[in-house]
Amino acid sequence: MKPSVLERAKHIIDLTRYENEQRANENKSKALQDPSFKSLYNEYVDTMIMQAKTDQDCNVKLKKLASEIDKKLKSLKIGSIEPIYSCKKCGDSGFVDGKYCSCLIKEVNNILIKESGFEKLEDFKDVKFDIFKDKEYMQSLYQKMQKWCHSNFEKNIIFISGNTGVGKSHLTRCMANELINENYVVLFTTSFAMHQDFVKSHMTRDLELKNSLLDRYLNADILFIDDLGTELRNPLITINYLYHVINERKINKRPTIITSNLDLYDLQDYYDERISSRIIDKQSSICLSIQGDDLRLKKV
Ligand SMILES: [Zn+2]
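All residue numbers here refer to positions counted from 1 along the written sequence of the relevant chain. Side-chain atom pairs in this predicted model are given and counted only at pLDDT of 80 or more, local residue features only at pLDDT of at least 70, and totals for whole chains, interfaces and linings cover all residues.

Peer 1: Is there a simple way to explain helix α8 (residues 207-219) in this structure?
Peer 2: Note: α-helices contain 3.6 residues per turn, so residues at a spacing of three or four share the same orientation. A helix here means a DSSP run of H or I that spans at least four residues, while a strand means a run of E at least two residues long, and both kinds are numbered starting from the N terminus. Expected helix span is taken as 1.5 Å per residue step, with the number of steps being one fewer than the number of residues. With 13 residues, α8 should cover 18 Å at 1.5 Å per step; its first-to-last C-alpha distance of 17 Å lies within 8% of that length. The angle separating two fitted axes, one through the seven residues that finish at a residue and one through the seven that start at it, defines the bend at that residue. If you look at α8, its biggest bend is around 25 degrees, right at Leu 213.

Peer 1: Can you walk me through the nonpolar core in this structure?
Peer 2: The nonpolar side chains of a soluble globular protein tend to be buried with one another. When buried Ala, Val, Leu, Ile, Met, Phe, Trp, Tyr and Cys residues are joined through C-beta atoms within 7 Å, the set is termed a nonpolar core. Backbone-placed C-beta atoms define the burial measure: a residue is buried with 20 or more other C-beta atoms within 10 Å of its own, exposed with 12 or fewer, and partly exposed in between. Counting residues in hydrophobic clusters, the biggest one holds 47 residues, and the most contacted among them are Met 175, Ala 176, Leu 179, Val 186, Ile 222, Phe 224 and Ile 258. Looking at which element gives the most residues to this core, the answer is helix α6 (residues 168-181), with six residues. Each domain's limits were defined by an automated method or a database of domain assignments. Built from parts of two domains, this core gets at least three residues from each of domain 1 (3-105) and domain 2 (117-297). Those residues within four positions of Met 175 in sequence are excluded, and the remaining contacts are Met 145, Cys 149 and Ile 257. Placing a C-beta atom from the backbone of each residue, one calls two residues in contact when those atoms lie within 7 Å.

Peer 1: Can you walk me through the sheet that holds strand β3 (residues 157-162) in this structure?
Peer 2: Backbone-to-backbone hydrogen bonds pair the strands of a sheet. The strands run either parallel or antiparallel. Spatial ordering of the open sheet is given by β4-β5-β6-β3-β7, a layout of five strands whose pairing is parallel. One side of each edge strand has no neighbouring strand; the edge strands of this open sheet are β4 (186-190) and β7 (285-290). Adjacent strand axes in the sheet meet at a mean angle of 15 degrees when their direction is disregarded. DSSP calls a pair of strands paired once it identifies at least 2 bridges connecting them. Judged from the five bridges that link them, β3 and strand β6 (residues 256-260) form a sheet pairing that is parallel. Bridged to Phe 159 within β6 is Ile 258. To obtain each axis, a line is fitted to C-alpha atoms, and for helices this fit is confined to the stretch in contact; angles are then taken between N-to-C directions over 0 to 180 degrees.

Peer 1: What should I look at first to understand helix α3 (residues 59-75) in this one?
Peer 2: Taking 1.5 Å as the rise per residue, α3 with 17 residues should run 24 Å; its terminal C-alpha atoms sit 24 Å apart, in good agreement. Backbone geometry just downstream of α3 places Lys 77 in the positive-phi region, at approximately 60 degrees.

Peer 1: Would you mind going over the packing of helix α7 (residues 191-203) against α8 with me for this structure?
Peer 2: Any two packed helices are characterised by the angle at which their axes cross and by the distance between the axes. With their axes 8 Å apart at the nearest point, α7 and α8 run at an angle of 150 degrees to one another. Our classification of the angle between α7 and α8 gives roughly antiparallel. You can see that α7 and α8 cross each other, and the crossing is left-handed. Of the residues in α8, those in contact with Met 194, Asp 197, Lys 200 and Ser 201 of α7 are Lys 210, Leu 213, Leu 214 and Tyr 217. Of the residues belonging to the contact of α7 with α8, the class tally is four nonpolar, one polar and three charged. For this classification, under 35 degrees means roughly parallel, over 145 means roughly antiparallel, 65 to 115 means roughly perpendicular, and everything else is oblique. Each helix crossing is assigned a hand: it is left-handed if the near helix lies turned anticlockwise from the far helix by less than a right angle, otherwise right-handed if that turn is clockwise. When residues are grouped by polarity, Ala, Val, Leu, Ile, Met, Phe, Trp, Tyr, Cys and Pro land in nonpolar, Asp, Glu, Lys and Arg in charged, and all others, Gly among them, in polar.

Peer 1: Explanation requested: the pairing of strand β5 (residues 222-228) in the structure shown.
Peer 2: Consecutive residues of a regular strand have side chains that alternate between opposite faces of the sheet. Among the seven residues that make up β5, six are buried, leaving the element largely enclosed by the rest of the structure. Where β4 and β5 come together, five bridges link them in parallel fashion. Among the inter-strand pairings, Thr 190 is bridged to a residue of β5, identified as Asp 226. Where β5 lies against β6, four bridges are found, and the strand directions are parallel. Looking at β6, one finds that Leu 228 is bridged to Ser 260. Seen with its strands pointing away from the viewer, a crossover is right-handed when the path leading from the first strand over the helix to the second is clockwise. Handedness of the crossover is the feature at issue here: the chain leaves β5, passes through helix α9 (residues 238-251), returns alongside β6, and the resulting connection is right-handed.

Peer 1: Where do I start with the domain arrangement of the chain in this structure?
Peer 2: Often, the extent of an interface is quoted as the loss of accessible area on bringing the components together. Taken as a whole, the chain is organised into domain 1 (3-105) and domain 2 (117-297). Between domain 1 and domain 2, the C-alpha centre-to-centre distance is 49 Å.

Peer 1: Got a minute to help me understand the confidence of the model for the chain in this structure?
Peer 2: The predicted coordinates should not be examined in detail at positions where pLDDT is low. Per-residue confidence from the predictor is reported as pLDDT, a score between 0 and 100. On average, residues of the chain score 90 in pLDDT, and 96% of them reach the 70 mark or higher. Considering each helix and strand of the chain separately, the mean pLDDT is smallest for helix α10 (residues 264-270), with a value of 87, and largest for β6, with 96.

Peer 1: Explanation requested: the environment of Cys 90 in the structure shown.
Peer 2: Of note, Cys 90 is situated in the loop between α3 and β1 (95-96). Residue classification places Cys 90 among the buried positions, given that 20 C-beta atoms sit within 10 Å. Along the primary structure Cys 90 and Leu 179 are separated by 89 residues, whereas in three dimensions their C-alpha atoms are 25 Å apart. When residues no more than four places from it in sequence are discounted, the contact partners of Cys 90 are Phe 95, Val 96, Cys 101 and Cys 103.

What follows is the structure, encoded as structure tokens:
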């Protein structure tokens, strides 16, 4: 997990805690303006102090006073003077017994989803295989890819080919969801959009912009490239930059998941040997083919 994502998630949790505590403080100041509440409250605080100082057991009295305070607050129509934390497990601290609380992990995931570029995610467990023509094949393919999401990514290029609408995007949305739940920084791009960035990066003289346009594709833990082969090709730029991204990611063992209408033979014709050999390399790639009808024409 990138520290910056964790820090940002922690900041959101801290803010939630601050707001909840602030709300309680505001309620208290408001209630203290009422003289009978004030005397009840002061008695409660004095009793607490006395108990601490003298070791005297005042629990029964404290309980009674607390219940009177609650009643008084209700009659004044003022909310709790104790903070009501959004997460009961950690009191909005983000940690339980020195470990990340589930609320913090959820916040990390929210950030990762928001920044992934995926408009919609799907859960492997919700997939209805009846929509596919070859149900069993698809079932085994989904299982294989779900398992891959929890692997050490020895195979770090996944190439999924198939015609439009056969379910390539559906599969990648499931994979992205699974990977985000493992707290990976996931980036989705269409081949078209990425290529536009290649062109911008190539054209600019601003070195910082030049690098930053490419960095996101190089540095994301997992990169999804949708519809490879639909970019507006520029012979000078397409091959070199695409190779650079694919190769750098491969060297750094950062997985790249590519969907395309092109099959493996088209790939060799469409790009040069350097790119296709990287993608097709049996040692470190998984190449899948999804056949079937256009699912979008069916009512899914
Ligand atoms: Zn929590």
